[in-house]
Structure formats: C-alpha cells, structure tokens
Amino acid sequence: MNSSAMSSAPRVSRATAVWSFVGLVLLTINLRAAITGVSPVLGDLRDALGLSGVQVSVLTTLPVLCLGAFASLAPVIARRLGTEVAIAGSLVLITLGIVVRIVPVRPALFFGTILAGAGIAMGNVLMPAVIKRVFPDRLGSLTGLAMMLMAASGAVAAGLAVPLDDAGGWRLALAVWAVPSLIAALVWGPLALRGRRQAPVPATAPPTAVPKDEGSLLRSSVAWYVSVFMGLASLMFYVLLSWLPEIMRDAGYAPATAGMMVSTMLIVGIPLGFFVPVFAARLRDQRGVVAAVAVTMVVGIGGLLLAPAAGWVWVLTLGLGTGSAFPLAYTLLSLRSPSPSAAARLSGMAQTGGYILAGFGPLAVGVLHSATGGWDVSLVLLLALVVPELVFGLLAARPGFVRLGPARPEGRFEQPIEREDLAAPESARAR
C-alpha cells in the first residue's frame, strides 16, 4: 500500500476544507466542557435537588460510562447516514442534554446527562475519521490541536463553573455550554447536507484504492492492543482526576492546595495534547514514546506512595504522564487505520471498552480505600497496571494497520507498512 492509497477518497475543495476545519475546532471544544463543568457545582446540585450520596456518585460516574456505552453506535450511524450527519446529530444531542438537565428535577438531571454523554461519545469516536479523510497529511498536527482544545475547554469549563454559579446559580453554570454546542451544530449542518449528497467512493476509483472494510475488528490483534492501551491510559487519568485531591489531603495538604494540584496536572497536559500527537505522527513507530510515558507514570505514582511530602513534584510528573498517554492513544487510532472508515470503527471499539474500564476504575480505587483505610494498596495497584499499559502500548505502537477481516495465523502483525504511508508530508519534514 502506498500513500496514494491512504487518501483514495476524493479531494475536498479548499472552501470545504476550511469549513471542515472550523467545524472540527468547534466540535472539539464541546467534547469536555459539559462534563468537567459539573463537578465544581456538585454541592449546589445536591442541595437544590436533594441528591443522596449514592446519586452524586452515579452522577459523576455516568458521563464516563456513557462515553463507553454509546461509542460503538457512532460508526454504525456514520455508515448509515454519513459521518457529517452523525457529527451534527451528536452536537444536537449535547445541546439537548445540556438544556434538559437544567430543568430543576432529578430525572431531568440524569436524563440530560445521558443525552449529553451520548453526543460526546459519538463526537469522540468520529473526530479521527474526519481528520483522516479531510486532512490525511496533517494527522499529527490536527489530532494534537484537537487534544489541546479538548483539554483547554475542559479546564475552562471547570474554572468558570463556580463564578457562573455565584453570578446566576447552578442552572446558569450548566446552561451556558449549550451555546457553543448549538453554534457547532449549525456549522456542521451544511457539511451534513453535503455529505449526504456526496457518493462515498467514486466509480472511477481503482479497486485497490480503498481497503476492504469488511469483517470484524474483534479479530484484529492490533485493534485489541490499541483498545487496551487506550483503556488503561483513560483509567489512570480518571482515577487520578477523581481521587488525587483526597490522596493529597490525607498526605497533609490543605484542601485548597489539593484542588490546585489537580488543576495543575490538567494544565500541564494542555500543551502536551498538541505536541505529543505531532511528534508521534512523525515517527516510524511510537514505542519510545510509550516507554517514556510508562517511566513517567511509575515515577509519579511511586513518588506519591514513597515520598508524598514532595507532592508537587509528583503532580507535575503525573501531569506529564497522563497528559501524554491519552493523546498518544488517540493518535494511534488514525495511525493504525488504513482508511477513514476503519479509523471510525477502531475509535468506536477502543473508546467503548476504554471508557467503560475508565468509569469503573475510580469506583474500584474508592472501594479499596474504604476497605484498607489508606491509599497504599490503591497506589500499588496503579503501579501494577502500568505494566500491562506498557506491554499493550508497545504492541500498539509498532508500525502497521489493523486488519479488517479474519486475523492472520500464528499471530503475525497485520499489514506492515513503511513510514511514508502515514501522514507523508509530516514525516517528510521530520527526515
């Protein structure tokens, strides 16, 4: 397979590319804000709606579980209706979910959260397919931009939640994010109409130009490597996001300081969200990056376990590790896919399992903490999980594509390729 095969879809016009870029930017800034803006106002939500402790726990876990539960639907909807239609629909779901959950009754809060989570799940899955099809020679830079914008919008939503709550109550703090999602849906509307009119593959395309998108990805070892790596990277992130404040408070830090530590960890990840995909896409394989992430996580988690007094050092280290792992996993969704359709399917498979695993991770760590009365066992468990994250990451980072069909015998790696098959212009600049 050569680089022309990678971009066998008809070239889009410059105007369409610019419009798609704007749509991509607007999509990415709506894939975290509706989630991260809730936690800072949980106290007001609990008081206003009379939520129990169990209901608060369900509310915080529900968005992550929705990201996994609905991810597998996105490729199916995209194949039936078109990728642009599916993305426009996902943004409509996010908008409706945000509006529904500000109705001051408990069922609306949970139902709206499910709607918004479903929309975010679909957008997460389909974004790599859009990048691969419309911008095949900019996989690294645009994936990096998307990761950076997702992280930044999530941080902004968390930071503005309390000031908005103070200014107009929890309903204003949640409702404000319906505005950017509605704007994004309106931008994707013309793209959806164009996508419905456009044939998926021109009749003049050579028969070998588009890989055969048949068969199950469940038979692809590479798909499983990428999925497990993404799942473990997501689990690490959400466990630390959920429990790092409590870990640092129990280590003797003031509550405000512990909260600042989490914010710092997230802020460190913002520039990494851009630079890691750009750097990874320029490499022939990404095993060195996986190894560096694993070392960073071991140092950070081990530091929390053995020397919590140096907490700021370990928080910065964990910011480097978590801020690199997920963008790397997301980049592999495109780099290991031979076509935009395959990227959507691999993204759906990886994010379904990954987010479900990530959703139960914080719960499991919380149960261990309750059972043991401390954090040592939980931190040792996280250290142990770095090992499979490293192993599956190294396997996923080898150059090659997922195989869309029956797996090759004897566990051979699937469709080895030369580096120029992946984002050739970026790779050429790196040489």
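Residues numbered from 1 in each chain as written. Predicted model: local features only at pLDDT ≥ 70, side-chain atom pairs only at ≥ 80, totals over all residues. Heavy atoms only, no water.

Colleague: Give me the packing of aromatic side chains: which residues, what numbers.
Modeller: Note on aromatic pairs: each is described by the distance of the centres and the angle between the planes. Enumeration according to the criterion identifies seven aromatic pairs in this entry. Ring geometry for Tyr225 and Phe392: centres 6.4 Å apart, planes at 50 degrees, overall tilted. Highlighted residues: Tyr225 in helix α12 (residues 221-250) and Phe392 in helix α17 (residues 376-396), separated in sequence by 167 residues. Looking at Tyr225, the relative accessible area reads 17%, which means it is buried. Relative accessible area serves as the criterion here: at 27%, Phe392 is assigned to the partly exposed category. Among the aromatic residues, ring-to-ring pairing joins Phe237, Tyr238, Phe326, Tyr330 and Tyr355 into one connected group. (Phe/Tyr/Trp six-rings, centres within 6.5 Å; stacked < 30°, edge-to-face > 60°. Helix = DSSP H or I, 4+ residues; strand = E, 2+ residues; numbered from the N terminus. Buried < 20%, exposed > 50% of the residue type's maximum accessible area, 1.4 Å probe, protein only.)

Colleague: Lay out the packing of α12 against helix α16 (residues 340-372) in plain terms, naming residues and giving numbers.
Modeller: The interhelical angle for the contact between α12 and α16, taken along N-to-C directions, is 30 degrees, at an axis separation of 7 Å. Between α12 and α16, the angle falls in the class roughly parallel. In this structure, α12 meets α16 at a crossing whose hand is right-handed. For the contact of α12 with α16, the class distribution of residues is 16 nonpolar, nine polar and one charged. (Axes fitted to C-alpha atoms, helices over the stretch in contact; angles between N-to-C directions. Parallel < 35°, antiparallel > 145°, perpendicular 65-115°, else oblique. Left-handed = near helix turned anticlockwise from the far one by under 90°. Nonpolar A, V, L, I, M, F, W, Y, C, P; charged D, E, K, R; others polar.)

All quantities given are derived from atomic positions and should not be read as evidence of function.
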